[in-house]
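# Topology and contacts: notes
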Amino acid sequence: MPGRRVAMFLFYDARIRAFLYQTIAIGAVVFVAWMMFSTASANLAKQDIATGFGFLARQAGFVITETAIAYEPTDTFGRAILVGIANTVKVSALAVFFGTILGVLVGIGRLSHNPVLSRLMLAYVEALRNVPLLLYLLLWYSLIISVFPPVKQAIEMLPGVFLSNSGLVMPAMRWASGLEALVIALVVGTVAAVVVTRVLARLRIATGKEMPVATIAAFAILLPLTLTLLSADISVSLDVPELGRFRLTGGYHVRPEFVALLIGLTLSASANVAEIVRAGIQAVSKGQWEAATALGLPRSRTLKLIILPQALRIIVPPLTNTYLTVFKNSSLAIAIGYPDLVMVSNTIMNQTGQAIEAIAIFMAVYLGLSILISLVMNWYNARVALRER
């Protein structure tokens, strides 16, 4: 009887009951997935089709035109998938960064008292939100290919900087040694700057004295870098591109597929961010504007110091969905030939015939990236949320 009472008490606890339901749901999903995989594996085995993930250790044997990490055709299929993941994360993260900045500016412009600027921003948002992203990707790629000259007629914009329909080629730094030490020094300096900034902020609140926070933070970042440059064995060379008869060799190559995808994702994300920012600002009470005007604050400082910090609590939750959409829409890169995760996985499927495993891998990667973005944005949302005292 006491054990039964304890069980009933635990069952009526909302948190424990919710945890139990979630555990059952996860277990059911895992069981169904395992049954489906087992059934598919058995059917494929009957037809003498190889299954499993052992193919990841085999040599890839194909070229990837753009790589965010080192890769050679002699590397494994597993390495090729890592290259696809890195390419996807690179272009998506850049699109999120530039799209957020551009979207905030456009969203503020939508609320401008200047009717011409406001209407232009409205046209920008509507044009980008009401046309499929795939069409814009094809448009940007076609423009780059048709507007710029072929490689043998490449435009030398600066010494060693060439522009053609194969992309932008510029001098690149090749690190023989010392790059790892510099990265570690930068991370240490950044952490030190964050800690120092927080300590100085608490001192300012406690004492009321203003301190040169920006100068001290910059010193905290530069000091480890300077010490590393003076003490570490750093060897670096400059790789300058050379124009041949049919192609450019050397240097760093920014390819048109990457540029077209980055422009498309950035503009698409900026239109959605703009509407979120506009709605967030309009959700703040007009009394806040009136109070700031009564205190003599100009509109720009009112927006920066009063309105945007309050609107941020409304903006962050829907912004999460926009960022998730950017990462998922990067899979459209296959239409213009950018070697993202989906395109690399398709090549691997064609060479190995193991479609189920390849599809499972990139589905798991997109799921993992989505969960990671949600966790980061939820953490930030909790940080900016209004706390009752």
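Residues numbered from 1 in each chain as written. Predicted model: local features only at pLDDT ≥ 70, side-chain atom pairs only at ≥ 80, totals over all residues. Heavy atoms only, no water.

### What to know about a nonpolar patch on the surface
A contiguous nonpolar patch, built from Met173, Trp175, Leu179, Val183, Val187, Val191, Val195, Val199, Leu203, Val236, Leu238 and Val240 and spanning about 1000 Å² of accessible area, is present on the exposed surface. Residue assignment for the nonpolar patch shows that the elements contributing at least two residues are strand E4 (172–177), helix H6 (179–207) and strand E5 (235–239). For the nonpolar patch, the element with the highest residue contribution is H6, accounting for seven residues. If you trace the backbone, Val240 turns up in the loop between E5 and strand E6 (242–243). Relative accessible area serves as the criterion here: at 41%, Val240 is assigned to the partly exposed category. (Patch = residues over 30% accessible without salt bridge, like charges linked within 9 Å, V, L, I, M, F, W, Y side chains within 5 Å. Areas by Shrake-Rupley, 256 points an atom, 1.4 Å probe, with all protein chains shown as cover. Salt bridge = Lys/Arg side-chain N within 4 Å of Asp/Glu carboxyl O. Helix = DSSP H or I, 4+ residues; strand = E, 2+ residues; numbered from the N terminus. Buried < 20%, exposed > 50% of the residue type's maximum accessible area, 1.4 Å probe, protein only.)

### Some details on helix H8 (residues 256–283)
End to end, H8 covers 40 Å across 28 residues, agreeing with the expected 40 Å (1.5 Å per residue, within 8%). Across the 28 residues of H8, 22 count as buried, placing the element largely inside the fold. (Expected span 1.5 Å × (residues − 1).)

### With respect to the side chain of Ser118
With respect to the helices and strands, Ser118 occurs in helix H4 (residues 115–129). Exposure remark for Ser118: the relative accessible area of 15% places this residue in the buried category. Excluding anything up to four places from it in sequence, Ser118 contacts Gly109, Arg110 and Ser112. (Contact = heavy atoms within 4.5 Å.)

### Observations concerning the nonpolar core
Core analysis: the biggest nonpolar cluster contains 59 residues, and Phe62, Leu261, Ile281 and Ile348 have the highest contact counts within it. Looking at this core, the elements that each hand over two or more residues are helix H3 (77–110), helix H5 (133–147), H8, helix H10 (299–329), helix H11 (341–352) and helix H12 (355–384). Tallying contributions element by element places H8 first for this core, with 12 residues. The contacts of Phe62, once residues within four sequence positions are left out, are Tyr71, Pro73, Phe77, Ala80, Val344, Thr347, Ile348 and Gln351. Membership of the second largest hydrophobic core comes to five residues, among which are Val151, Ala154, Phe162 and Val169. (Core = buried A, V, L, I, M, F, W, Y, C linked by side-chain atoms within 4.5 Å.)

### Some details on the pattern of salt bridges
Tallied over the full model, the rule gives four salt bridges. Here Lys90 and Glu66 are joined by a salt bridge, their closest N and O atoms 3.0 Å apart. Of this pair, Lys90 sits in helix H3 while Glu66 sits in the loop between helix H2 (14–46) and H3, and the two are 24 residues apart along the sequence. Arg110 is the partner of Glu275 in a salt bridge, and the nearest nitrogen-oxygen pair spans 3.3 Å. Taken together, the positions of Glu275 in helix H8 and Arg110 in helix H3 put the pair 165 residues apart, joining distant regions of the chain. Here Arg110 falls in the buried class, since its relative accessible area comes to 15%. What you see here is one network of salt bridges that share partners, running through Arg110, Arg129, Glu275 and Arg278.

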